[in-house]
Amino acid sequence: MGILAVVCAFGFIIFIHELGHFLTARWVDIRCPQFAIGFGPSLFGFRWRGTNFAVRAFPLGGYVLMNGEEPGERAEDPWAHAVKKYLGEEDFPASPTRLLEVLQAVPEAERGADWQDVYDQVAFARCEEFPNLKSVEGNFHDRSVWARILVISGGVIMNFLAATLILWSIGPFYGLGSFFRDWPPVISQAVVGGPAEQAGLTARDLLLKVNERELGSDLEAFHAIGEYPGVPFQLTYQTPGQAAKTITIRPWLAVGDQAYEVADSGEVTLKRSASHSELAGKKLALSRDELVQAVKSANEAKEETYQVVFEGNEKPISFKLSERYPEPRGQIGVHFGVMDIRFEKDVHSEVAAVKPGSRAEKAGFKPGDLIVQVDGLLLLGRFESYGSLLDPALQQISEIDQIPEVKVYVARDGGGEELVLKKDDGPLTAQALGLELRQVTGSEIAAAPFRLIGELLYSPIMIARAYFSKQATSQEIVEGLQGPIGIMQMIYNLADNGIIKFLFFVALLNAAIGAFNLLPFPALDGSRLVFLFWAAIRGKAVDPDKEAKIHLAGLMILLSFVVLVSFGDIKRLISSSVLVL
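Residues numbered from 1 in each chain as written. Predicted model: local features only at pLDDT ≥ 70, side-chain atom pairs only at ≥ 80, totals over all residues. Heavy atoms only, no water.

**Quick notes on the packing of helix α1 (residues 2-27) against helix α6 (residues 145-174)**
For any two helices packed against each other, one specifies the crossing angle of their axes together with the interaxial distance.
Moving on, step 1. Contact pair α1 / α6: the axes reach a minimum separation of 7 Å and the direction vectors enclose 135 degrees. Comparing the axis directions of α1 and α6 gives the class oblique. Between α1 and α6 the crossing geometry is right-handed. Packed against α1, whose contacting residues are F12, I13, I16, H17, L19, G20, H21, T24, A25 and W27, the element α6 presents L150, V151, I152, G154, G155, V156, M158, N159, A162 and I166 at the interface.
Moving on, step 2. Residues of the contact of α1 with α6, tallied by class, amount to 13 nonpolar, seven polar and no charged. (Axes fitted to C-alpha atoms, helices over the stretch in contact; angles between N-to-C directions. Helix = DSSP H or I, 4+ residues; strand = E, 2+ residues; numbered from the N terminus. Parallel < 35°, antiparallel > 145°, perpendicular 65-115°, else oblique. Left-handed = near helix turned anticlockwise from the far one by under 90°. Contact = heavy atoms within 4.5 Å. Nonpolar A, V, L, I, M, F, W, Y, C, P; charged D, E, K, R; others polar.)

Set out below in structure tokens:
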């Protein structure tokens with residue numbers, strides 16, 4: 001399902017982008033002999049109105065081949081020869097009807113594939129008259145500068161339009177969507193072969209208890225499970241729409257990047273190791289207690305590694321200890337919602353009403369308050385104006401941090417005030433406090449796509465400011481970017497979370513691809529638009545050969561950058577193979 005989601009998402013985005021170029025090109029009568037999704041050998045295809053449509057083997061891109069888009073001598077162009085061969089003797093200007101009569105007069109025996117191409121170009125032209133023979137060729141560079149600007153912009157326009165239509169379709173029913181760091185211990189994916197999967201846990205299961213300890217967040221589940229390295233415990237969980245279940249599960253014993261399976265007989269087997277993957281599946285000549293003692297001794301001696309011995313091998317193997325989690329811990333092998341998509345019909349940072357006599361009123365909340373911080377957690381930001389930020393933040397603090405009270409900072413009347421909520425008085429949720437949050441309006445839903453597109457267009461400026469102001473280094477910026485592999489991983493992880501979240505992410509990707517293509521970097525649509533606007537201003541086009549060389553150099557740089565970012569994607573993919581342990 002995840003692989004299918006990746007293929008569908010990328011295929012749709014590529015198709016929409018190339019469709020934009022194709023429709024605008026045909027609108028101004030530019031000939032498009034090929035429209036392909038993917039590269040490599042053709043899997044299947046068909047011909048329609050003079051264009052050969054094909055789906056190719058490698059769905060990592062797509063293209064619309066436009067006549068004359070790539071520089072080349074017309075005298076050597078077979079297409080130009082075909083147009084001259086069949087229509088070169090005619091008087092121009094000429095209407096499409098007149099030229100079709102000429103083409104139909106050609107004997108059947110002389111009608112080859114080139115005749116069919118010329119016939120289709122004339123038959124499906126939108127113009128009422130061809131001014132000269134050259135105009136029949138439908139050459140990209142023969143069209144006006146503004147027509148070429150429209151064609152180059154077509155892909156981006158279609159990406160933005162797709163994103164807008166998807167968000168407008170979702171918004172009235174589900175509210176505003178946003179990416180959000182999910183707090184509840186809801187499984188987004190069970191690792192294949194891990195204890196959780198073997199016990200029957202799947203995506204969307206909610207973990208409720210470890211033994212008798214109630215779980216309120218993924219972080220709390222992380223610590224609770226970690227207390228049972230290779231030791232069985234009672235796990236209570238709930239599948240959506242079903243009653244809660246309690247099972248006995250024996251987690252792996254994890255130390256650093258190593259995960260060991262402890263059998264009921266006491267045998268210990270290495271299941272996973274980043275540094276010694278060749279040893280996975282081999283049994284240790286140590287019991288669980290001996291392994292724990294070896295790790296404990298290494299920590300007490302402040303060593304960077306610990307040693308284990310495998311069966312049939314007297315020579316000990318050294319494994320590196322983790323600086324963050326040096327002690328043995330339990331690991332059941334699940335992903336939690338690292339980044340989830342949430343839809344809200346409330347603006348969770350703005351108070352619409354306060355229930356009389358409620359705890360919120362006693363604490364000092366007033367209608368119109370804008371909740372800015374909850375115990376130091378900033379709730380407002382450029383990309384976080386909407387989303388379920390209030391309740392999970394309060395729950396996270398109230399259920400994990402053992403504090404008697406929570407301080408909430410609100411903005412009102414141009415100033416601010418700090419309010420105090422006591423935990424002993426009851427749950428710290430909006431409903432329990434007596435807070436009514438403002439509903440998202442129809443105009444906000446309508447504006448959401450444009451807001452998203454605007455933020456994406458503005459993001460390169462934000463990145464540049466962060467770099468030049470030294471808020472982030474170039475390495476930190478590159479590590480924070482997502483390449484194709486990282487995007488595929490996100491789509492894969494979202495595949496089990498419902499069609500609505502999947503559609504939202506597809507809308508986001510469409511907007512992101514559109515914004516990225518508008519960057520004025522060689523080989524991207526934005527750079528081509530710069531050349532066209534420059535031609536419009538100076539009244540003379542840049543030499544096509546020189547422009548092509550610039551775009552080729554830009555493409556090489558762009559591909560190198562994609563490879564660099566992809567290394568970061570792979571690194572994150574490996575390091576996050578098990579997120580909650």
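**A closer look at α1**
Helical geometry: 3.6 residues make up each α-helical turn, so side chains three or four residues apart lie on a common side.
Moving on, step 1. Its 26 residues place the ends of α1 37 Å apart at the C-alpha level, agreeing with the 38 Å of an ideal helix rising 1.5 Å per residue.
Moving on, step 2. Downstream of α1 by one or two residues, D29 has phi in the positive range, about 60 degrees. (Expected span 1.5 Å × (residues − 1).)

**Section: the sheet that holds strand β10 (residues 258-262)**
Moving on, step 1. Spatially, β11-β10-β9-β14 is the arrangement adopted by the four strands of the open sheet, whose pairing is antiparallel. At either margin of the open sheet sits one strand with a lone partner, and together these are β11 (268-272) and β14 (329-331). Mean inter-strand twist for the sheet, computed between neighbouring axes without regard to direction, equals 40 degrees.
Moving on, step 2. Here three bridges tie strand β9 (residues 252-255) to β14, and the two strands are oriented antiparallel to one another. Its bridge partner lying in β14, A254 is registered against R329. (Pairing = 2+ DSSP bridges.)

**Concerning a nonpolar patch on the surface**
Moving on, step 1. Together, L161, L165, W168 and F450 give the surface a local cluster of nonpolar side chains, amounting to about 400 Å² of exposed area.
Moving on, step 2. If one sorts the elements of the nonpolar patch by residue count, α6 sits on top with three residues.
Moving on, step 3. Structurally, L165 is set in helix α6. (Patch = residues over 30% accessible without salt bridge, like charges linked within 9 Å, V, L, I, M, F, W, Y side chains within 5 Å. Areas by Shrake-Rupley, 256 points an atom, 1.4 Å probe, with all protein chains shown as cover. Salt bridge = Lys/Arg side-chain N within 4 Å of Asp/Glu carboxyl O.)

**Some details on empty space enclosed by the protein**
Moving on, step 1. For the structure shown, the criterion picks out one cavity of 30 Å³ or more.
Moving on, step 2. Together, R26, R31, C32, R49, G50, T51, D117, D120 and Q121 line the largest cavity.
Moving on, step 3. Of all the elements, helix α4 (residues 113-123) adds the most residues to the lining of the largest cavity, at three residues. (1 Å grid on protein atoms, 1.4 Å probe; cavity = no way out; pocket = protein on both sides within 12 Å on 5 of 7 lines; lining within 4 Å. Points joined across faces, edges and corners; volume = space filled by probe spheres on them.)

**Let's talk about the pairing of β9**
Moving on, step 1. Burial of β9 is two-sided: the residues W252 and A254 facing one way and the residues L253 and V255 facing the other way are all buried.
Moving on, step 2. Two elements, β9 and β10, share three bridges in a ladder whose sense is antiparallel. Counted as the bridge partner of V255 is Q258 from β10. (Buried < 20%, exposed > 50% of the residue type's maximum accessible area, 1.4 Å probe, protein only.)

**A word on the environment of V563**
Moving on, step 1. Position of V563 among the secondary structure elements: in helix α18 (residues 544-575).
Moving on, step 2. Measuring from C-alpha to C-alpha, the distance between V563 and G483 comes to 8.3 Å, with 80 residues separating the pair along the chain.

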